[in-house]
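A closer look at the structure
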Amino acid sequence: QVQFVESGGGLVQPGGSLRLSCAASGTMFRFQPMGWYRQAPGKQRELVAGIGSEGITDYQDSVKGRFTISRDNAKNTVYLQMNSLKPEDTAVYYCNAYYWGTSRRIYDCWGRGTQVTVSS
């Protein structure tokens, strides 16, 4: 059974930092690209950062230079270090495996996500 468990969100002031974690189970984690998605109120879910099975990374332009994605294959966990946070980063953040070069997720299920709120 595929499962994603996201954690690490919270309320932070503009300019602050957070580190998100996502533990995956039931997947072929070490062989699959992993992505962090986010969904803001009233908007579609979007892919913001991805990491290939061998560590190559890719970012949406809006987060380049501020977010860093990493993975620990031994722990089946992917991370998202978010610095210089802006109010427009406010969203629920999710992870999933995805098809490299696209934004399409591999697995139909989603975790509960973790809420990130950037506000003064």
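Look up: the structure comes first, before these words.
Residues numbered from 1 in each chain as written. Predicted model: local features only at pLDDT ≥ 70, side-chain atom pairs only at ≥ 80, totals over all residues. Heavy atoms only, no water.

1. With respect to the packing of aromatic side chains
Basically, it comes down to this: Pairs were defined over the aromatic rings of Phe, Tyr and Trp, the Trp ring being its six-membered one, requiring ring centres within 6.5 Å. Orientation was assigned from the angle between planes: stacked under 30 degrees, edge-to-face over 60, tilted for the rest. The secondary structure listing takes helices from DSSP runs of H or I that are at least 4 residues long and strands from runs of E that are at least 2 residues long, numbered from the N terminus. Burial classes follow relative accessibility: with a 1.4 Å probe on protein chains only, a residue under 20% of its type's maximum area counts as buried, one over 50% as exposed, and anything between as partly exposed.
Throughout the structure, instances matching the rule amount to four aromatic pairs. An angle of 65° between the planes, with centres 5.7 Å apart, marks the rings of Tyr94 and Trp110 as edge-to-face. Here Tyr94, found in strand E9 (residues 91–97), pairs with Trp110, found in the loop between E9 and strand E10 (114–118); they are 16 residues apart in sequence, far enough to count as distant. On the basis of relative accessibility, which here comes to 11%, the residue Tyr94 falls in the buried class. You can call Trp110 partly exposed: its relative accessible area is 28%. Measuring from centroid to centroid gives 6.0 Å for Tyr98 and Trp100, while their planes differ by 40°, and the two rings are tilted.

2. Some details on the side chain of Gln32
Put simply, the rule reads: For the purposes of these results, a polar contact is taken to be a pair of N or O atoms within 3.5 Å, where, inside protein, one atom must be able to donate a hydrogen and its partner to accept one; residues adjacent in sequence count only when each atom of the pair is a side-chain atom.
Summarising the element assignment, Gln32 is placed in the loop between strand E3 (18–25) and strand E4 (34–39). Within the structure, the side chain of Gln32 is placed 3.0 Å from the side chain of Tyr107, a separation counted as a polar contact.

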